[in-house]
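Breakdown of the fold
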There are 2 protein chains.
Amino acid sequence: MEEIDRRIVTLLASDGRMSFTDLARETGLSVSAVHQRVRRLEKRGVVRGYAAIIDHDAVGLPMTAFVSIKPIDPAAPDDAPDRLSHLTAIEACHSVAGDESYILKVRVASPVALEDLLQQIRASANVSTRTTVVLSTPYEHRIPELADDSPTGHERTG
Amino acid sequence: MEEIDRRIVTLLASDGRMSFTDLARETGLSVSAVHQRVRRLEKRGVVRGYAAIIDHDAVGLPMTAFVSIKPIDPAAPDDAPDRLSHLTAIEACHSVAGDESYILKVRVASPVALEDLLQQIRASANVSTRTTVVLSTPYEHRIPELADDSPTGHERTG
DNA sequence: AGTGAAATGAATACGGG
DNA sequence: CCCGTATTCATTTCACT
């Protein structure tokens, strides 16, 4: 991916509602050219979608935690993500290297809601849990610097 | 916060570029009414912003890790978030309860880049690190169900 | 808080270099 | 792959309930 696409991606990552007009100004291209590029980035899956960033305190989910899970029966088929996907309090599920198999990021309303959620997680996926409660979040959702070329599987190799 | 605002927040969380026209259709309000509500949600900080969701593989940052940090000198003032904020590979920084003081979520291009980043983290904040590498991400950025009332500090109490 | 209507500005489709 | 133009559609403001 080259310079201008990287710039577009960075701009949209920091303001997902930026207009094509503004993107055009920032990149020095015409509106139709950026429009075309954004649609292509969406189609190729580089831009996977757009989301409002919500203040979880303000919507009644002030408690965040990381829940690491480990299967009770290590021989059983590992379909924990599927078994847990109905629990909407789980914002993310990462398969990880290390002692435990997944790290879940969860958002709940209260300590009691967390207790309840942990029981549901254990029951749904037959796992043990280890929970790390978030006290505060100095920052989140930051934009990385995108540098140089990256393998998209779409560019020409020569 | 009541029903319609919750609906608007949920819709924008799942599609940050949804038009006011579509929001109006989905909520049964007029365009100007939703417009007013969205602006109010933004002003009150319930909606903190908008972001494009990026495929990190496609932009050359295919490696994600969680880095837990612990101060070398527990007596020193704890300004790790400030000391680390210049490292753009750090997407999020959470202060946590437990043995360690912060969990960082980082995105890097390669194992070597992670090694380099860990050295920078240790040097910048005078901390030890414990790193959990993400192997795959079954899901991320999911939208929680927003239920009932939540304390925004803005609604009338009677 | 809500509405509809009017004016501005943005998104999209198109013809062409 | 880029541009400009023309059309359609969304955003924003306003006067009013």
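Residues numbered from 1 in each chain as written. Chains lettered and ligands numbered in written order. Predicted model: local features only at pLDDT ≥ 70, side-chain atom pairs only at ≥ 80, totals over all residues. Heavy atoms only, no water.

Chain A appears in an unreviewed UniProt entry as AsnC family transcriptional regulator from Nonomuraea diastatica.

A separate point is the packing of aromatic side chains. By the definition in use, this model includes 1 aromatic pair over all chains. The aromatic ring of Phe20 of chain B is capped on one face by Arg17 of chain A, whose charged end is 5.4 Å from the ring centroid. Taking NZ or CZ as reference, Arg142 of chain A lies 4.4 Å from the ring centre of Tyr139 of chain A, over its face. (Phe/Tyr/Trp six-rings, centres within 6.5 Å; stacked < 30°, edge-to-face > 60°. Lys NZ or Arg CZ within 6 Å of the ring centre and 35° of its normal.)

A word on the protein's contact with DNA strand D. In the neighbourhood of DNA strand D, 14 residues make up the surrounding shell, with Ser30, Ser32 and Arg37 of chain A together with Phe20 and Arg39 of chain B lying closest. Sugar and phosphate atoms form 76% of the subset of DNA strand D atoms that lie within 4 Å of the protein. Ser30 of chain A is positioned with one of its backbone polar atoms (N or O) 2.7 Å from a phosphate oxygen of DNA strand D. Phe20 of chain B places a main-chain nitrogen or oxygen 2.6 Å from a phosphate oxygen of DNA strand D. (Near = heavy atom within 4 Å. Polar contact = N/O pair within 3.5 Å; in protein donor to acceptor, adjacent residues only side chain to side chain.)

All names here are of chain A. A large share of strand S4 (residues 102-108) lies buried, amounting to 7 of its 7 residues. Of the two faces of S4, the one holding Tyr102, Leu104, Val106 and Val108 and the one holding Ile103, Lys105 and Arg107 are both buried throughout. Note that strand S2 (residues 63-71) and S4 share 7 bridges and pair antiparallel. Along S4, the bridge assignment pairs Ala65 with Val106. Here 5 bridges tie strand S3 (residues 90-96) to S4, and the two strands are oriented antiparallel to one another. Bridged to Ser95 within S4 is Tyr102. (Buried < 20%, exposed > 50% of the residue type's maximum accessible area, 1.4 Å probe, protein only. Helix = DSSP H or I, 4+ residues; strand = E, 2+ residues; numbered from the N terminus. Pairing = 2+ DSSP bridges.)

According to the domain assignment, chain A consists of domain 1 (3-43) and domain 2 (63-133). Averaged C-alpha coordinates put domain 1 of chain A and domain 2 of chain A at centres separated by 37 Å. (Domains from an automatic or database assignment.)

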